[in-house]
Each structure stands twice: as C-alpha cells, then as structure tokens.
Amino acid sequence: CNSLMRRLAGRIIDADPAMAKTYGEKAIAGGVFASTADDMRLFYSSTPPHTHPMWETLVQSGRTDYIASATLGDMLNMYADPRRAGFFKNLAGMDSVTGAPHGMVSNYSDFSQPGTAMEDPTWSHAAIDYVEVELLMAHAAVAGWAGAGDAATHYNNAVTASIEEWGGSAADATTYLAQAGVTFDASTAASQIGMQKWIAMYSNPFEAYAAV
C-alpha cells in the first residue's frame, strides 16, 4: 500500500507539490518495497481464459503485426542496452533492435518483434514492482523528500534489477551504467530517471506512459 501511495504521490508532484510531499513522505516512512521479492505480481495459467493477455494478443490471436518502434529501439541501441534480447527477437548484428518508424505501415518480417517472454501464457505481470519503486525513490530523493535516501543509489538499484529481470547480469548492468548519458548525473537526474522508467516499464505501458 505504501508503494502504491508513493506512486500516486509522484503522479501529482507537478500539480500539487505540497500534497505530493506529504503523502510521499508518509509512504516512505511506512516502508516501501525493498527488493524484487516484494513485487506485486499477477500470475496466470497456461489454460485459456486465464492466460496472460500478451499471449492472447501475440499468439492466440494469430496476428503478425506487432513490431519494434524505432523510438524505443534507437534508444536501446544507442547505449547497447542489455535488455534488448529480452524485449525483442529477430535482432540484427550485435543484438541491435531493428525498429520501424513509429506509426508507419511497415513490413512485419523486416523488423524486430516482441520477445519470447511475452509469448508465454504463464508470464507474470508486475502491477507494481521493486524496479518502479526504486525509480520513484530516486525521484523522491531528487525532490528532497524526507527519508528518501540517495538518488544515485536508488537509480542504480532500479536499472540493475531491471536488467537482471530481462536476462542480463550484474556485470552487464555495471557496464551499461558506466556510459555517459546513463551514469547518474544530478544535473540531469529528472530526465534520466524518467528515461529509465520509460525503458524499465516496457511490459507495463501505462506506467511507461505516465510521468515519474
């Protein structure tokens, strides 16, 4: 409940900073997710109609028109993101995502497609997870909320956990985080946290779309 309150506090931070701070600090004091073991996940069956919705969309439907957008693909390629092979299949050389111009009619076979994890009918869905909460905590620290801790630590924890969730290693995360543009920088923290939330929430598009 505190983690959900922390999410909601962040959602109103621009509209009502004082209220956001009040409820955000209340959530932090009450205790939020501390590891991936705390993730709030929905678990699905291998038998319809209780399968994961993405399996229904990508497999059961028989549709072959879901492809990578260059908007995300180019960002992943720019930093050789180790999550690419988890997010997508049909990758190009060096695990590069071949993304189509966003919103344009494109040939399915010419571009990368959603990864095999999403074709598993029992794939679990995180309604809210440790990765998101750590990014929210990084944002809280930047905003100066009491008890939020160190922004860079939360940011690094979130990115590392996200990379490990999608098949990468701690070493992959260290290499990724060492790059200029990814390494936490207090002067560009808000945009960096927002970008990493957008990437990490790949399988939770409502939160990827929403503001930090």
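Residues numbered from 1 in each chain as written. Predicted model: local features only at pLDDT ≥ 70, side-chain atom pairs only at ≥ 80, totals over all residues. Heavy atoms only, no water.

### What to know about the packing of helix α7 (residues 151-165) against helix α8 (residues 170-177)
And then number 1: With their axes 9 Å apart at the nearest point, α7 and α8 run at an angle of 130° to one another. As judged from the angle between their axes, α7 and α8 are oblique. When you trace α7 past α8, the crossing you get is right-handed. In this structure, α7 contributes Tyr155, Asn156, Val159, Thr160, Ile163 and Glu164 to the contact, and α8 contributes Ala170, Asp172, Ala173, Tyr176 and Leu177.
And then number 2: Within the contact of α7 with α8, the residues separate by chemical class into seven nonpolar, two polar and two charged. (Axes fitted to C-alpha atoms, helices over the stretch in contact; angles between N-to-C directions. Helix = DSSP H or I, 4+ residues; strand = E, 2+ residues; numbered from the N terminus. Parallel < 35°, antiparallel > 145°, perpendicular 65-115°, else oblique. Left-handed = near helix turned anticlockwise from the far one by under 90°. Contact = heavy atoms within 4.5 Å. Nonpolar A, V, L, I, M, F, W, Y, C, P; charged D, E, K, R; others polar.)

### Side note on the pattern of salt bridges
And then number 1: By the definition in use, this model includes ten salt bridges.
And then number 2: For Asp65, the salt bridge is made with Arg63, and the minimal N-O distance between the two is 2.9 Å.
And then number 3: For Asp65, a relative accessible area of 43% corresponds to the partly exposed category.
And then number 4: By relative accessible area, Arg63 is classed as partly exposed at 42%.
And then number 5: Measuring nitrogen to oxygen at the nearest pair gives 3.7 Å for the salt bridge that ties Lys197 to Glu207. On the criterion of sequence distance, the pair formed by Lys197 in helix α9 (residues 189-200) and Glu207 in helix α10 (residues 205-209) is long-range, its members being ten residues apart. Summarising the burial analysis for this pair, Lys197 and Glu207 share the class buried.
And then number 6: Beyond isolated ion pairs, a larger network of salt bridges with shared partners links Arg7, Arg11, Glu132, Lys197 and Glu207. (Salt bridge = Lys/Arg side-chain N within 4 Å of Asp/Glu carboxyl O. Buried < 20%, exposed > 50% of the residue type's maximum accessible area, 1.4 Å probe, protein only.)

### Topic: the nonpolar core
And then number 1: Formed by 46 residues in total, the largest nonpolar core has its most connected members in Phe88 and Tyr155.
And then number 2: For this core, the leading source of residues is helix α6 (residues 130-143), giving eight residues. (Core = buried A, V, L, I, M, F, W, Y, C linked by side-chain atoms within 4.5 Å.)

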